Amino acid sequence: MTPDDRVYAYSAVLMGSPILLKLFEHNESLASGVFRLIKHQENTFTVNRPHSDIMAINHAAGRDPVTVSAPVFELIRRAKAISCLPGSSFNFTIGPLVKCWKIGFSGHSIPAARDLQTLLALTNPEDVILDEQTRSVFLQQAGMEIDLGAIAKGYIADVVRDYLREQQVENALINLGGNVQTLGAGAEGAWAIGLKKPFSEPDTLIGVINVIGKSVVTSGIYERYFELEGHCYHHILDPKTGYPLDNELLSVTIISEDSIDGDIWTTLLYGMGVEKSLAYLEQIPHIEAIFVTRDGQIILSSQRQFTFTPLDDSYRITTY
Ligand code: ADP
Ligand code: MG
């Protein structure tokens, strides 16, 4: 028996993404438990359906505070804190702009500049009032909308990891489509996670990231985008301009303990660009990054928590 024969893979489509769970035992009921948990979380956080805990807050914008569960309040508190960091390119009140662009959904178009200006006024994270006592969330202006799309998958990946640990699982992998969280070392001494080649078939890789019990999150502009008149409009928006973030980056991957950190930092670093990010990461040893740039470079911030094997020699590798 080769080591891989011991791995059982379970899949489902949830949150609009293919979800993959790898276990080292044949355990249908554990796998259904995981998928049920993800579905429950999706129902809580989604803004792509009329009803969810987040939609209840959005529907009451400009009118009433809405009391939410402790985990939802905590996630919103965290999202607000990151959004309010000086110069942050992460903004959890970006909802009105996301809805207007419809990137990755049918009916996408380039909004009129004046419409974006109007909507930008509804994306001030300071206008979200949190009350710890009542655990309520109030969007001060009518038309405001919370969107946790940049953080929810990371949060949910950690929830799944914690659930698996509670079930005494020591070796497993969950892939929520761009967000991978792992327990243990897989079958061959470390889990191998592919780094996708931008704008290519999903199984074309430019490298492999090996981790033990870490999270690997990649956010790339090639994940959801549309093209018009030679321009690529992707799904990570610049909260200052309302247009997709535009710099030298094609993707940012974060290796960290918690997947929520990976999700937060991919968006933050996207906005900073390579140079600023590398300087910033020197102060944060538990967050490590891999950048893929438009000019064919793979740039690694440091490699304390992972190893990287390049697979495509048309890319230039730079290590810091
Ligand atoms: P994915 O894994 O789907 O690529 P990301 O973690 O890259 O998701 O987050 C992208 C999603 O976050 C968008 O689809 C949108 O819902 C939301 N979003 C877009 N721009 C921002 C931003 N600047 N700050 C916070 N959320 C954003
Ligand atoms: Mg993210």
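Residues numbered from 1 in each chain as written. Chains lettered and ligands numbered in written order. Predicted model: local features only at pLDDT ≥ 70, side-chain atom pairs only at ≥ 80, totals over all residues. Heavy atoms only, no water.

Asks: How should the pattern of salt bridges be read in this particular structure?
Replies: It is possible for side chains bearing opposite charge to pair when their charged atoms get close. All told, the structure shown has twelve salt bridges when counted by the stated rule. For the salt bridge of Asp258 with Arg161, the shortest nitrogen-to-oxygen distance reads 2.9 Å. Here Asp258 is found in the loop between β13 (249-256) and α7 (259-281), whereas its partner Arg161 is found in helix α6 (residues 152-166), with 97 residues between them in sequence. Judged by its relative accessible area of 25%, Asp258 falls in the partly exposed class. With a closest N to O distance of 3.2 Å, Lys197 and Asp312 form a salt bridge. A residue pair is termed long-range when its members are at least 10 positions apart, and Lys197 in the loop between β8 (191-196) and β9 (205-211) and Asp312 in the loop between β16 (307-310) and β17 (316-319) qualify at 115 residues. Residue Lys197 is classed as partly exposed on the basis of its relative accessible area, which comes to 23%. Overall, the relative accessible area of 16% leaves Asp312 in the buried class. Connected via shared salt-bridge partners are Asp158, Arg161, Asp162 and Asp258. (Salt bridge = Lys/Arg side-chain N within 4 Å of Asp/Glu carboxyl O. Helix = DSSP H or I, 4+ residues; strand = E, 2+ residues; numbered from the N terminus. Buried < 20%, exposed > 50% of the residue type's maximum accessible area, 1.4 Å probe, protein only.)

Asks: Help me understand unusual backbone geometry, please; the structure alone is not making it clear to me.
Replies: The bulk of non-glycine residues show a negative phi, and the bulk of peptide bonds are trans. Of note, the phi angle at Arg135 is positive, near 55°, even though the residue is not glycine. Structurally, Arg135 is set in the loop between β4 (128-131) and β5 (136-139).

Asks: Looking at this structure, how should I read the packing of helix α1 (residues 28-45) against α6?
Replies: Helix packing for two helices is described by the angle between their axes and how far apart those axes are. Across the interface, α1 lies against α6 with an axial gap of 10 Å and an inter-helix angle of 145°. Considering how the two elements wind past one another, α1 and α6 form a crossing that is right-handed. Contacts between α1 and α6 involve Leu30, Gly33, Val34, Leu37, Ile38, Gln41, Glu42 and Phe45 on the former and, on the latter, Ala152, Tyr155, Ile156, Val159, Val160, Tyr163 and Leu164. Tallied by class, the residues present in the contact of α1 with α6 amount to twelve nonpolar, two polar and one charged. (Axes fitted to C-alpha atoms, helices over the stretch in contact; angles between N-to-C directions. Left-handed = near helix turned anticlockwise from the far one by under 90°. Contact = heavy atoms within 4.5 Å. Nonpolar A, V, L, I, M, F, W, Y, C, P; charged D, E, K, R; others polar.)

Asks: Quick question: what am I supposed to make of the sheet that holds strand β1 (residues 8-14) here?
Replies: Think of a sheet as strands paired side by side through backbone hydrogen bonds, with each pair either parallel or antiparallel. Strand order across the open sheet formed by nine strands is β1-β2-β6-β7-β10-β13-β14-β15-β17, with mixed pairing between neighbours. In the strand order of this sheet, the two ends are held by β1 and β17, each with one partner. Taken pair by pair, the neighbouring strands of this sheet meet at an average axis angle of 10°, ignoring direction. Here strand β6 (residues 172-175) runs beside strand β7 (residues 179-183); their pairing, made up of four bridges, is antiparallel. When the bridges of β7 are listed, Leu173 appears paired with Thr182. Contacts from α6 reach β2 (17-23), β6 and β7, with the element oriented near 20° to β7. With respect to the sheet, α7 is in contact with β7, β10 (215-220), β13, β14 (288-293) and β15 (297-300), its orientation differing from that of β13 by roughly 120°. (Pairing = 2+ DSSP bridges.)

Asks: Sorry, what's going on with the layout of surface pockets here?
Replies: Here the second largest pocket is characterised by a volume of approximately 310 Å³. Around the second largest pocket sit 18 residues that line it, and Gly87, Ser88, Ser89, Leu268 and Met272 are the ones nearest its centre. Those elements that provide at least two residues to the lining of the second largest pocket are α3 (70-83) and α7. Of the residues forming the lining of the second largest pocket, the biggest block, eight residues, is contributed by α7. (1 Å grid on protein atoms, 1.4 Å probe; cavity = no way out; pocket = protein on both sides within 12 Å on 5 of 7 lines; lining within 4 Å. Points joined across faces, edges and corners; volume = space filled by probe spheres on them.)

Asks: Help me understand the coordination of the magnesium ion (ligand 2) in this model?
Replies: Reference values for angles at a metal are 109.5 degrees in the four-donor tetrahedral case and 90 or 180 degrees in the six-donor octahedral case. Binding of the magnesium ion (ligand 2) to the protein goes through Ala150 (O), Asp263 (O) and Asp263 (OD), at separations of 2.3 to 2.7 Å. In this pair, Ala150 is assigned in the loop between β5 and α6 and Asp263 in helix α7, connecting sequence segments 113 residues apart. (Donors = N, O, S within 2.8 Å, 3.2 Å for Na, K, Ca; no water.)

Asks: Help me understand the sheet that holds β4, please; the structure alone is not making it clear to me.
Replies: Taking strand neighbours across the sheet as the criterion, the three strands line up as β3-β5-β4 in an open arrangement whose pairing is antiparallel. Every interior strand has two partners, whereas the edge strands, β3 (66-67) and β4, have only one. As paired strands, β3 and β5 are joined by two bridges and run antiparallel to one another. Looking across to β5, one finds that Thr67 is bridged to Ser136. In this fold α3 packs onto β4 and β5, with an angle of close to 135° to the strand it touches most, β4.

Asks: Explanation requested: the packing of aromatic side chains in the structure shown.
Replies: For any two aromatic rings, the description comes down to two numbers: the centre-to-centre distance and the angle of the planes. Going through the model one piece at a time under the given rule, you end up with nine aromatic pairs. Ring centres of Trp101 and Phe226 lie 6.5 Å apart, and the angle between their planes is 40°; this geometry places the pair in the tilted category. Here Trp101 is found in helix α4 (residues 95-101), whereas its partner Phe226 is found in strand β11 (residues 225-228), with 125 residues between them in sequence. Given a relative accessible area of 1%, Trp101 falls into the buried group. The exposure class of Phe226 is buried, given its relative accessible area of 5%. By the ring-pair criterion, three or more aromatic residues cluster together here, those being Trp101, Phe226, Tyr233 and Tyr243. (Phe/Tyr/Trp six-rings, centres within 6.5 Å; stacked < 30°, edge-to-face > 60°.)

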